[in-house]
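Each chain is listed here by its residues.
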Amino acid sequence: MMKTITRLHRAMVLLEYFTSNSWVWNTDNVNMLMNQLNPEDKKTFNIDVRQLHWAEYIENYCMGTKKYVLNEEMSGLPAARKHLN
């Protein structure tokens, strides 16, 4: 139990800055770039976020955070998913 609490606390400390602040994003430069790309470049450099599959993106984001920020093992993931179901 202590190991779980320690991991949760570590995650909270690491992510506190990002979850406790307000963020404003400006996309003017990206929109300008998209308008200047020719059709071939638009295919090669797909930067239109409206075409993202957001559920898949968020899942990959969470997995990356777990693996690379929190340095957690991914081997226990299938068992955790089975437990949740």
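Rules of the game
- Residues numbered from 1 in each chain as written.
- Predicted model: local features only at pLDDT ≥ 70, side-chain atom pairs only at ≥ 80, totals over all residues.
- Heavy atoms only, no water.
- pLDDT = per-residue confidence, 0-100.
- Helix = DSSP H or I, 4+ residues; strand = E, 2+ residues; numbered from the N terminus.
- UniProt positions renumbered as here; feature names shortened; annotations may be inferred.
- Patch = residues over 30% accessible without salt bridge, like charges linked within 9 Å, V, L, I, M, F, W, Y side chains within 5 Å.
- Areas by Shrake-Rupley, 256 points an atom, 1.4 Å probe, with all protein chains shown as cover.
- Salt bridge = Lys/Arg side-chain N within 4 Å of Asp/Glu carboxyl O.
- Buried < 20%, exposed > 50% of the residue type's maximum accessible area, 1.4 Å probe, protein only.

Colleague: Where do I start with the confidence of the model for the protein chain in this structure?
Modeller: Low-pLDDT stretches of the model should not have their predicted coordinates read in fine detail. In the predicted model, the protein chain carries a mean pLDDT of 88, and the fraction of residues at 70 or more is 100%. Mean pLDDT values for the elements of the protein chain range from 80 in helix H5 (residues 77–84) up to 93 in helix H2 (residues 28–36).

Colleague: Can you walk me through the UniProt feature "domain: Fatty acyl-CoA reductase C-terminal" (unreviewed entry) in the protein chain in this structure?
Modeller: Under the UniProt annotation, "domain: Fatty acyl-CoA reductase C-terminal" (unreviewed entry) lies at residues 1–72. Structurally, residues 1–72 comprises 69% helix and 0% strand, and the distance from its first C-alpha atom to its last is 16 Å.

Colleague: Would you mind showing me how to read the environment of alanine 11 here?
Modeller: By the element assignment, alanine 11 lies in helix H1 (residues 2–20). For the pair alanine 11 and leucine 77, spaced 66 residues apart in sequence, the C-alpha to C-alpha distance is 17 Å.

Colleague: Is there a simple way to explain a nonpolar patch on the surface in this structure?
Modeller: Taken together, the side chains of Val49, Leu52, Trp54, Tyr57, Ile58 and Tyr61 present a nonpolar region at the surface, about 600 Å² in accessible area. A relative accessible area of 42% means that isoleucine 58 is categorised as partly exposed.

Colleague: Looking at this structure, I do not really get unusual backbone geometry. What am I missing?
Modeller: Keep in mind that most residues, glycine aside, have a negative phi and that most peptide bonds are trans. In this structure, asparagine 71 is a non-glycine residue whose phi angle is positive, near 55°. As for its placement among the helices and strands, asparagine 71 is situated in the loop between helix H4 (54–69) and H5. For asparagine 71, a relative accessible area of 55% gives the class exposed.

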